[in-house]
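Examining the three-dimensional arrangement
Listed here are the chains, written in short residue letters.
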Amino acid sequence: GVSQELETAKISINLTTRAEEINFEIENSKADYEQEKCAHKNGSIGQKNVKQQLDLLYPEEYDLEISNKPKSYKVNLTLAAR
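Right, let's walk through the structure included here. Since the structure is predicted, the reported quantities are computational estimates derived from the model, not experimental observations.

1. Examining the overall build of the chain
Helix and strand content of the chain: two helices and four strands. For the chain, the α and β elements follow one another from N to C terminus as β-β-α-α-β-β. The contacts in the chain between residues at least 6 apart in sequence include a share of 49% that link residues at least 24 apart. Surface summary for the chain: the accessible area is close to 6400 Å², and the carbon and sulfur share equals 50%.

Have a look at this one:
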């Protein structure tokens, strides 16, 4: 989502592990043209595929939160440690 914004793109990645869970959080800024293009879009095929894979691999052992804001996109995934 930030490939066209080489000078101003921001990406934040945070990985936290605990005995009972692993938390992965990533947030990236959106290019101006992406802000306009995605303002009305709700979900995508990619998101649906990721959720299906998580359901297969970690049934009832994960929490996925996706936040699609006007200027940023954020994903927070928590997996139960096995």
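2. Considering the sheet that holds strand β2 (residues 21-29)
Ordered by their spatial adjacency, four strands build an open sheet running β1-β2-β4-β3, and the pairing between neighbours is antiparallel. The open sheet has two edge strands with one neighbour each: β1 (11-17) and β3 (62-68). Direction aside, the axes of adjacent strands within the sheet are offset by 5° on average. Taken together, the nine bridges between β2 and strand β4 (residues 72-80) define a ladder with antiparallel strand orientation.

3. Re the pairing of β4
As paired strands, β3 and β4 are joined by seven bridges and run antiparallel to one another. Across the sheet, residue Glu65 finds its bridge partner in β4, namely Asn76.

4. Digging into the pattern of salt bridges
Between side chains of opposite charge, a pair can form as their charged atoms come close. If you walk through the whole model with that rule in mind, you get two salt bridges. We note a salt bridge from Lys74 to Glu25, for which the minimum N-O separation is 3.9 Å. Residue Lys74 is found in strand β4, and its partner Glu25 is found in strand β2; the two are separated by 49 residues along the sequence.

5. Things to note about the nonpolar core
Grouped together as the largest cluster of nonpolar side chains are five residues: Leu54, Leu64, Val75, Leu77 and Leu79. Per-element tally for this core: the top contributor is β4, with three residues. If near-sequence neighbours (up to four positions away) are discounted, Leu79 is found in contact with Glu20, Glu21, Ile22, Leu54, Tyr58, Glu61 and Tyr62.

6. Let's talk about the environment of Asn14
In this structure, Asn14 sits in strand β1. Separated by ten residues in sequence, Asn14 and Phe24 have C-alpha atoms that sit 5.9 Å apart. In this view, Asn14 contacts Asn23, Phe24 and Glu25; residues no more than four positions away in its chain are not counted.

Conventions used here
- Residues numbered from 1 in each chain as written.
- Predicted model: local features only at pLDDT ≥ 70, side-chain atom pairs only at ≥ 80, totals over all residues.
- Heavy atoms only, no water.
- Helix = DSSP H or I, 4+ residues; strand = E, 2+ residues; numbered from the N terminus.
- Contact = heavy atoms within 4.5 Å.
- Areas by Shrake-Rupley, 256 points an atom, 1.4 Å probe, with all protein chains shown as cover.
- Pairing = 2+ DSSP bridges.
- Axes fitted to C-alpha atoms, helices over the stretch in contact; angles between N-to-C directions.
- Salt bridge = Lys/Arg side-chain N within 4 Å of Asp/Glu carboxyl O.
- Core = buried A, V, L, I, M, F, W, Y, C linked by side-chain atoms within 4.5 Å.
- Buried < 20%, exposed > 50% of the residue type's maximum accessible area, 1.4 Å probe, protein only.

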